[in-house]
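Residues per chain, in single letters:
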There are 4 protein chains.
Amino acid sequence: MPESDPAKKWFQCTSAERAAFEAGVKLGALYHQFVGAAVNAESVDSLERAMEASLRTQPFVESAEVRLDRKALRPGPRPYDESSLTGEMIDASVRIRYGESLVHGRLRYVPELGYPLMSFEVGPSGP
Amino acid sequence: MPESDPAKKWFQCTSAERAAFEAGVKLGALYHQFVGAAVNAESVDSLERAMEASLRTQPFVESAEVRLDRKALRPGPRPYDESSLTGEMIDASVRIRYGESLVHGRLRYVPELGYPLMSFEVGPSGP
Amino acid sequence: MPESDPAKKWFQCTSAERAAFEAGVKLGALYHQFVGAAVNAESVDSLERAMEASLRTQPFVESAEVRLDRKALRPGPRPYDESSLTGEMIDASVRIRYGESLVHGRLRYVPELGYPLMSFEVGPSGP
Amino acid sequence: MPESDPAKKWFQCTSAERAAFEAGVKLGALYHQFVGAAVNAESVDSLERAMEASLRTQPFVESAEVRLDRKALRPGPRPYDESSLTGEMIDASVRIRYGESLVHGRLRYVPELGYPLMSFEVGPSGP
């Protein structure tokens, strides 16, 4: 069953436009909340879990997955192994359902562009 | 003239859906980048300017305005006057143009809901 | 054994001053990295774990504990239950060892002051 | 005249240790608040001003300067010119006075270390 929307009357748009907007909010939030966080090989799992859980907390999120690039972490013993999370290290997917619309948002580094891209696809309608 | 889009091929959607997505990205980013920042009566102007400039930096943003609620700042002489920026203090507007679509995004506290709402309106088409 | 310090030559100070500085860095970072994050009853555990792990990642941290105030979370079913992490909700402890000095840093809301206080104690010297 | 300290009783330490702690708090906060912010050649001035003002807002800060590395910004016309602020781009100085102690904190990229270093010097005592 679609989630209820306490703010419905503040929006005049299609459900696909709304789902696209919500996907944008989630990806913009994820990037700017977590980029800069201290991370190393030991803490990377818990940071992934927290980023996913933070996405799932938010309205209209059906599922979320976050994968951080271990190869971008500094190797070496403490205290040489501390990295700062960058946008380039993040691969995040979030499924938004709003009414009958489904949008799949994605944040990942695109080599061809040379930067982390936030994008989305409008999925098939249906319950 | 609409801004060019180096990432065009990664999107299959209407221009209104794309503009809605971009509005969401900008508002989610604004909130999560700046909430928590130290602010007082002397620094509030420069924080507003930086938040606006940061919005305007981003793709497809035509204009942006940010207003922070001075009444929510702690009064009193230093060092009693330090506040931490909250979402409730932000009133932000951002105009996104993507192709022929115009979207007006807004973040502001809505008393009826009891929380800061991110919303948008799809504007009239046209150049 | 005390952790090695690749940056030693950039500091002229006592080991207690250095440990106090490092405690300050960790608490300032924790607050400003995570305040604003979306959190609810389901995600609060993973956010605590990630905040602790992020502290432990950093140089000279011997141990860290983070406790977030569940009573400050919005109750209610989705999507009414989303909160934004505030400084008032955080109770964090971090033990820093630098050379023979031990410093215990703390961030927690102090009702008497009306704000979240970052403080520290210099512990007993010794290995 | 030294700033008053409403939280004095929560600290047992020398004034130099306290000043070092406060310098750490300010630098840790600066880094984790602003890293990730969208910035380009047009917005970099206002971001510097806001970062400085945010430092000056905080207790015991006598002065602050922030310089962001323009050479690290992406060149090119919009929308190709958006960068995300990294720690490597920041050169920040902050002077802390606590009681009779003066501490000069600094955040800047150190090529020899390969990362942005937060450090401090204890200055000459005196009013």
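This text gives an overview of the structure that appears in the document. (Residues numbered from 1 in each chain as written. Chains lettered and ligands numbered in written order. Predicted model: local features only at pLDDT ≥ 70, side-chain atom pairs only at ≥ 80, totals over all residues. Heavy atoms only, no water.)

After a rotation of 180° and a shift along the axis of 0.0 Å, chain B superposes on chain A with an RMSD of 0.0 Å. In short, the pair behaves as if placed about a two-fold rotation axis. (Least-squares fit on C-alpha atoms with pLDDT ≥ 70 in both.)

With that out of the way, let us pick up the environment of D69 of chain A. Residue and element names in this part refer to chain A. With respect to the element layout, D69 can be found in the loop between β2 (61-68) and β3 (83-84). D69 gets classed as partly exposed once you look at its relative accessible area, which sits at 29%. Through-space distance from the C-alpha of D69 to that of E88 is 8.4 Å; in sequence the pair is 19 residues apart. Looking at D69, its side chain comes within polar contact range of the main-chain nitrogen of K71, at 3.0 Å. (Helix = DSSP H or I, 4+ residues; strand = E, 2+ residues; numbered from the N terminus. Buried < 20%, exposed > 50% of the residue type's maximum accessible area, 1.4 Å probe, protein only. Polar contact = N/O pair within 3.5 Å; in protein donor to acceptor, adjacent residues only side chain to side chain.)

Our next topic: the packing of helix α1 (residues 15-34) of chain C against helix α2 (residues 44-56) of chain C. All names here are of chain C. Where α1 contacts α2, the two axes come as close as 10 Å, and the packing angle between them is 145°. Here α1 and α2 pass one another in a crossing that is right-handed. Touching K26, L30 and F34 of α1 are L47, A50, M51, S54 and L55, all from α2. Per-class residue counts for the contact of α1 with α2 are six nonpolar, one polar and one charged. (Axes fitted to C-alpha atoms, helices over the stretch in contact; angles between N-to-C directions. Left-handed = near helix turned anticlockwise from the far one by under 90°. Contact = heavy atoms within 4.5 Å. Nonpolar A, V, L, I, M, F, W, Y, C, P; charged D, E, K, R; others polar.)

What follows covers the interface of chain D and chain C. Taken together, the 29 residues of chain D in the interface contact 29 residues of chain C. At the boundary of chain D with chain C, total buried surface from both sides reaches about 2600 Å², with 69% on carbon and sulfur atoms. Contact with chain C buries area across many residues of chain D, yet W10, F21 and F120 of chain D alone supply 27% of it, more than any other trio. Across the chain D-chain C interface, the total number found is two salt bridges. For the salt bridge of K9 of chain D with E112 of chain C, the shortest nitrogen-to-oxygen distance reads 2.7 Å. Applying the counting criterion to the chain D and chain C interface returns six residue pairs in polar contact (both at pLDDT 80 or more). Here the side of chain D that touches chain C gets 13 residues from one element, more than from any other, and that element is helix α1 (residues 15-34) of chain D. (Buried area = accessible area lost by both parts, 1.4 Å probe. Salt bridge = Lys/Arg side-chain N within 4 Å of Asp/Glu carboxyl O.)

This next bit is on the pattern of salt bridges. Residues and elements named next belong to chain D. Applying the stated criterion across every chain, the model contains 56 salt bridges over all chains. With a shortest N-O distance of 2.4 Å, E48 and R70 are connected by a salt bridge. Placement of the pair is E48 in helix α2 (residues 44-56) and R70 in the loop between β2 (61-68) and β3 (83-84), with a sequence separation of 22 residues. Owing to a relative accessible area of 1%, E48 belongs among the buried residues under this scheme. Classification of R70 as partly exposed rests on a relative accessible area of 27%.

What follows concerns the state of the cysteines. Scanning all chains against the criterion turns up zero disulfides over all chains. The closest cysteine sulfur to the non-disulfide-bonded C13 of chain C is located on C13 of chain D, 14 Å from its own sulfur. We classify C13 of chain C as partly exposed; its relative accessible area is 28%. (Disulfide = S-S within 2.5 Å.)

At a minimum axis separation of 8 Å, helix α2 (residues 44-56) of chain B and α2 of chain D run at an interaxial angle of 145°. As for how α2 of chain B packs across α2 of chain D, the hand of that crossing is left-handed. Side by side, α2 of chain B and α2 of chain D meet where S46, L47, R49, A50 and A53 of chain B of the first sit next to S46, L47, R49, A50 and A53 of chain D of the second. Here the contact of α2 of chain B with α2 of chain D is composed, by residue class, of six nonpolar, two polar and two charged.

The next thing to look at is the interface of chain B and chain A. The interface of chain B with chain A comprises 29 residues on the first partner and 29 residues on the second. In total, chain B and chain A occlude about 2600 Å² of area from one another, counting both sides; carbon and sulfur atoms represent 69% of this. Three residues stand out in chain B for area buried against chain A, namely W10, F21 and F120 of chain B, and they jointly supply 27% of the buried area on that side. Summed over the shared surface of chain B and chain A, the number is two salt bridges. Applying the counting rule to chain B against chain A returns six residue pairs in polar contact (both at pLDDT 80 or more).

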